[in-house]
Amino acid sequence: MKAIAVLPGKPNSVHLRDVPAPKLLDQPHPHVCKIPEGRAVLVKTLQVGVDATDREINEALYGNAPPGGEHLVIGHESFGQVMEVGHKVTELKVGDYVSCTVRRPGGSLYDVIGRNDITSEETYYERGINLCHGYMAESFVDDAEYMVKVPVNLKHLGVLSEPASVCAKAIEQAFLAQQRLQIWNPKRAFVLGAGQIGLLATMMLKLRGMDVYTLATRPGPHRKQEIAEAYGAKYVSTRQTPMHDLVKQVGKPDLIFEATGNAEVAFRAMEVVAHNGAVVWTSITGGKHDVSIDAAKINLEWVLGNKLLVSSVNGNRHHFESGIASLALGEMTYPGVTERILTHPVNGLDNYAEMMRLLVEDKEALKVFVNVA
């Protein structure tokens, strides 16, 4: 079957290749974990989303092939339809729509209890990212444990399941950590960044009844502004109104959800959060970026103000379920808005070059995804 892969460590090596079509009894990553007897599920890939992670893997910034091979099939944002199930699978049936989690368990205590999203091991195993082949192929097989059902009436948003899980987890982590305060009822939130993660976070925070400001650099009008405002948030261009000026106008936020991929913005967020507030970082900033901040002032204000910084990455099955539930509630509350995030479909695995071109060159490409079948 066809698959899109890279040669980890070799920049711009993305290519189309033939790989063996999986069978129900196959073990896709035996070097990490094995599918228990009778628990396998074979899935026809319908769509795979791509993002900056895939671009950076193609740039050889990170990512490793499974042991014994030279290539890595990419793609970690899966959506497909069940073709075959093992005899011990009761939660899924042929014809169901599913998304699949990304990280597979290592050997730490957290992995053993199903929290592989917070493994304490230095080495992590992620499908399409590190040491495990991804979903950018015509079909895949995996353990039913890692598959999450997508309601048939939500299949048009199924490819957003993985990004939605990232947002759901990050927001949950902030609220769980803030239980330290016993009473925490945040009213105002800043979402930094208006990419797919920022917009989905905007939607989820609005569903919690918060006053949300979505900040990005580019002045409107444009699609990102339209989507944020359709969710009931206020879009703010930081070129026109810098974050510190916005604070003077509306007050300090109780919660800041950072999703910019910009290291300086991540640290500047620490300067404006309210007392007893929380900043949650979700973006990964590679390379080197020196930032000058008033560390003494931040230290003083954070200690005296009981402020909290939380980082969040990846998501387990619970977070996928929560993200899909939020997509469903968002669709009921803001009909048709979330689908506008899906801006740039690419038809067929053969068009992998166009997929990568959109990721690298097209600044209007809010969400790139491949229609595999």
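Let us look at the structure shown here. (Residues numbered from 1 in each chain as written. Predicted model: local features only at pLDDT ≥ 70, side-chain atom pairs only at ≥ 80, totals over all residues. Heavy atoms only, no water.)

A short note on the nonpolar core
Then step 1. Core analysis: the biggest nonpolar cluster contains 51 residues, and Leu205, Leu255, Phe257 and Ile341 have the highest contact counts within it.
Then step 2. Contacts of isoleucine 341, omitting those with residues within four sequence positions, involve Leu160, Gln196, Leu199, Leu200, Ile227, Tyr231, Leu366 and Lys367.
Then step 3. Core analysis: the second largest hydrophobic core is formed by 43 residues, Val41, Ile74, Ala144 and Val346 among them. (Core = buried A, V, L, I, M, F, W, Y, C linked by side-chain atoms within 4.5 Å. Buried < 20%, exposed > 50% of the residue type's maximum accessible area, 1.4 Å probe, protein only. Contact = heavy atoms within 4.5 Å.)

Quick look at the sheet that holds strand β2 (residues 15–18)
Then step 1. One open sheet accounts for 3 strands, arranged β2-β1-β4; its pairing is antiparallel. In this open sheet, the two strands that pair with only one neighbour each are β2 and β4 (72–73). (Pairing = 2+ DSSP bridges. Helix = DSSP H or I, 4+ residues; strand = E, 2+ residues; numbered from the N terminus.)

Examining a nonpolar patch on the surface
Then step 1. A cluster of nonpolar side chains, Leu109, Tyr110, Val112, Ile113 and Ile118, forms an exposed patch at the surface whose accessible area comes to about 510 Å².
Then step 2. Taking relative accessible area as the criterion, leucine 109 reaches 61% and is therefore assigned exposed. (Patch = residues over 30% accessible without salt bridge, like charges linked within 9 Å, V, L, I, M, F, W, Y side chains within 5 Å. Areas by Shrake-Rupley, 256 points an atom, 1.4 Å probe, with all protein chains shown as cover. Salt bridge = Lys/Arg side-chain N within 4 Å of Asp/Glu carboxyl O.)

Some details on the packing of helix α3 (residues 161–177) against helix α9 (residues 317–333)
Then step 1. Between α3 and α9, whose axes approach to 7 Å, the crossing angle comes to 105 degrees. Regarding the angle of α3 to α9, the classification is roughly perpendicular. Side by side, α3 and α9 meet where Ser161, Glu162, Ala164, Ser165, Ala168, Lys169, Glu172 and Gln173 of the first sit next to His318, His319, Phe320, Ser322, Gly323, Ile324 and Leu327 of the second.
Then step 2. When the residues that make up the contact of α3 with α9 are grouped by side-chain class, the tally is 5 nonpolar, 7 polar and 3 charged. (Axes fitted to C-alpha atoms, helices over the stretch in contact; angles between N-to-C directions. Parallel < 35°, antiparallel > 145°, perpendicular 65-115°, else oblique. Nonpolar A, V, L, I, M, F, W, Y, C, P; charged D, E, K, R; others polar.)

Brief notes about the sheet that holds strand β16 (residues 278–281)
Then step 1. Spatial ordering of the open sheet is given by β14-β13-β12-β15-β16-β17, a layout of 6 strands whose pairing is parallel. A single partner strand is all that each edge strand has here, and the edge strands are β14 (234–237) and β17 (308–311). Averaged over neighbouring strand pairs, the angle between their axes works out to 20 degrees when direction is ignored.
Then step 2. As paired elements, strand β13 (residues 211–216) and β14 share 4 bridges and run parallel to each other. Along β14, the bridge assignment pairs threonine 214 with tyrosine 235.

A word on the pattern of salt bridges
Then step 1. With the rule as written, the count across this model stands at 22 salt bridges.
Then step 2. Lysine 297 is the salt-bridge partner of glutamate 301, the closest N and O atoms lying 2.6 Å from each other. Of this pair, glutamate 301 and lysine 297 both sit in helix α8 (residues 295–304), 4 residues apart, roughly one helical turn.
Then step 3. Glutamate 321 serves as the salt-bridge partner of arginine 317, at 3.3 Å between the closest nitrogen and oxygen. Of this pair, arginine 317 and glutamate 321 both sit in helix α9, 4 residues apart, which is roughly one turn of the helix.

Nothing here speaks to function; it is geometry throughout.
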